[in-house]
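# Analysis of the macromolecular model
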Amino acid sequence: MKIVLKDNLQFFILLLSWVVIGGYGGPVIYGYLPITLLLLKRRERYMELFIGFFFMLTISDSRQVLLSFAENVKNEYIVLLALFIILDIKKFQPLNLLYKRFIPFFLFAFFCLFFTESFAISFEKTLSYLLMLLIVPVYMSKVFRDQGEEFIKTLIWFVTFLLFVGFIMKFIDPAFTTLEDRYCGILGNPNGLGIFVTMYFLLCAIVFDYFPDLFSKTDKIIIYIAIFASVILSDSRSAIFAILIFLVFKYFYKLSPFLGFILFLLFIVGYQVISNNIEGVINALGLQHFFRVKTFADASGRFIAWDFAWENIKKNILIGKGFNYTEYLFHSNYTELSKLGHQGNAHNSYLTFWLDTGLIGLLLYFRGFFITFIQAAKKTRISIPIMYAVLFSINFESWLCASLNPFTIQLFMILTIITSDEFYTKAEENTLLVH
């Protein structure tokens with residue numbers, strides 16, 4: 001990590017300048033950011049452009065006033081990244097076409113705008129989601145062609161560095177990294193950190209599978225310490241179970257894909273039994289405080305949200321009211337839901353997609369989702385275990401329905417790696433890919 005930090009010192013200073021000017025300079029950041037991005041583009045520093053975008057999405061999730069500028073600046077950032085592709089498209093050839101699998105979904109999502117409650121916001125969110133699915137694969141493929149494995153190493157260490165920044169801030173200013181007595185690092189809340197670390201763990205899993213010699217044993221230990229310490233401190237149950245699901249299915253899929261699929265069917269059938277008895281198992285192990293067993297009964301208020309979402313889905317099952325409708329719906333009924341013991345959104349990506357784009361949109365999105373992972377399974381056997389972990393995670397949060405967050409971008413990074421010939425070919429050339 002020291003070498004990566006040393007080699008990218010100027011870039012880290014640039015990121016720090018964004019934070020300082022954004023936090024204390026008011027509207028100056030809206031002029032300063034584009035200038036620095038244009039300079040990076042002029043010098044063809046595409047890796048810095050991409051990692052800088054990921055950094056901006058990460059700090060935009062923070063609840064700190066100092067970092068509140070990132071919530072608006074990230075919209076400016078994504079537009080500039082898209083313009084760089086459009087205005088200089090030859091340098092990005094061949095284009096990564098991951099988005100093509102999701103074209104039917106986006107066509108229907110734009111159709112749903114005719115029924116939206118807030119056209120401008122809904123259109124903006126639909127467009128930003130499309131841009132994310134265009135930009136992430138294109139930039140990742142471009143940077144990997146230019147810089148190879150050095151890009152992957154820098155990306156992994158950069159995220160690890162962000163996790164360690166959270167640990168440091170915990171001792172410097174505990175209030176900065178704590179929400180309701182739970183650790184959240186530099187993220188906005190503990191559950192957000194749990195999702196962030198889950199996706200990062202899965203990203204590391206595919207990187208270590210494709211390039212097992214890229215990181216030393218000591219490097220991997222440091223990375224895993226950052227991941228598991230973050231998970232334990234955040235007290236995120238869904239993150240713990242998602243990671244366990246990946247590890248269990250990874251083991252069985254390595255033995256036999258058929259055996260792994262049978263285990264998945266057994267898991268689906270036995271899920272209700274597991275849910276009904278998990279509380280007793282946790283109590284028997286003496287981990288009731290860690291897993292916050294008292295909140296198991298109503299899933300921390302999620303059952304209220306899910307019932308409310310389902311009642312509204314039944315009013316129009318096939319067609320939704322566009323991106324952001326779920327947020328609009330829950331905000332409009334905030335007082336009523338608060339009295340029932342729930343605050344926040346639907347806390348379920350399936351229900352949010354259903355409310356926003358209807359059953360048709362939900363099916364179209366997961367058509368592209370499943371096709372992508374199933375085709376990737378031909379290249380690496382951990383593709384399906386990753387898919388199971390993601391499917392579990394999105395059952396408890398709506399992060400997959402939003403684009404400009406530090407979670408969805410990591411999923412798109414994973415999809416890029418497992419579907420792109422650049423990454424697979426490089427791994428095969430080094431005879432490093434484990435089947």
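As a starting point, this report considers the structure included with it. (Residues numbered from 1 in each chain as written. Predicted model: local features only at pLDDT ≥ 70, side-chain atom pairs only at ≥ 80, totals over all residues. Heavy atoms only, no water.)

What follows deals with the packing of helix α9 (residues 190–210) against helix α17 (residues 383–393). When two helices pack together, their arrangement is given by the angle between the helix axes and by the axis-to-axis distance. One way to put it is that α9 packs onto α17 with a least axis distance of 11 Å and a crossing angle of 175 degrees. One way to sum up the angle between α9 and α17 is to call them roughly antiparallel. Together, Ile-195, Met-199, Leu-202 and Ile-206 of α9 and Ile-386, Ala-389, Val-390 and Ser-393 of α17 make up the contact between the two elements. Its residues assigned to classes, the contact of α9 with α17 shows seven nonpolar, one polar and no charged. (Axes fitted to C-alpha atoms, helices over the stretch in contact; angles between N-to-C directions. Helix = DSSP H or I, 4+ residues; strand = E, 2+ residues; numbered from the N terminus. Parallel < 35°, antiparallel > 145°, perpendicular 65-115°, else oblique. Contact = heavy atoms within 4.5 Å. Nonpolar A, V, L, I, M, F, W, Y, C, P; charged D, E, K, R; others polar.)

Now for unusual backbone geometry. Here the bond from Gln-93 into Pro-94 is cis, since omega is -10 degrees, no more than 30 degrees from zero. Assignment of secondary structure puts Pro-94 in the loop between α5 (70–87) and α6 (103–111). Phi at Glu-44 is positive, roughly 55 degrees, even though this residue is not glycine. Along the chain, the position of Glu-44 falls in the loop between α3 (29–42) and α4 (46–60). Positive phi, normally seen in glycine, also occurs at His-347, with a value near 55 degrees. Looking at the element boundaries, His-347 is found in the loop between α15 (334–340) and α16 (349–376). Among the residues examined, His-347 registers a relative accessible area of 18% and is labelled buried. (Buried < 20%, exposed > 50% of the residue type's maximum accessible area, 1.4 Å probe, protein only.)

Here the focus is the environment of Trp-157. Its location among the elements puts Trp-157 in helix α8 (residues 149–172). Counting along the chain gives 65 residues from Trp-157 to Ile-222, while the straight-line C-alpha distance between them is 9.9 Å.

A side chain with one charge may pair with a side chain of the opposite charge, provided their charged atoms come close. All chains considered together, the criterion is met by nine salt bridges. Here Lys-41 ties to Asp-88 by a salt bridge, and the two come within 3.0 Å at their closest N and O atoms. Here Asp-88 lies in the loop between α5 and α6 and Lys-41 lies in helix α3, a separation of 47 residues in the sequence. Both residues of the pair, Lys-41 and Asp-88, belong to the buried class. The salt bridge involving Lys-74 is made with Glu-71; its shortest N-O contact spans 3.5 Å. With Lys-74 and Glu-71 both in helix α5 and three residues apart, the pair spans about one turn of that helix. Residue class for Lys-74 comes out buried when judged on its relative accessible area of 6%. Through salt bridges that share partners, Lys-41, Glu-44, Asp-88 and Lys-91 make up one connected network. (Salt bridge = Lys/Arg side-chain N within 4 Å of Asp/Glu carboxyl O.)

Limitation: the analysis is restricted to geometry and does not speak to function.
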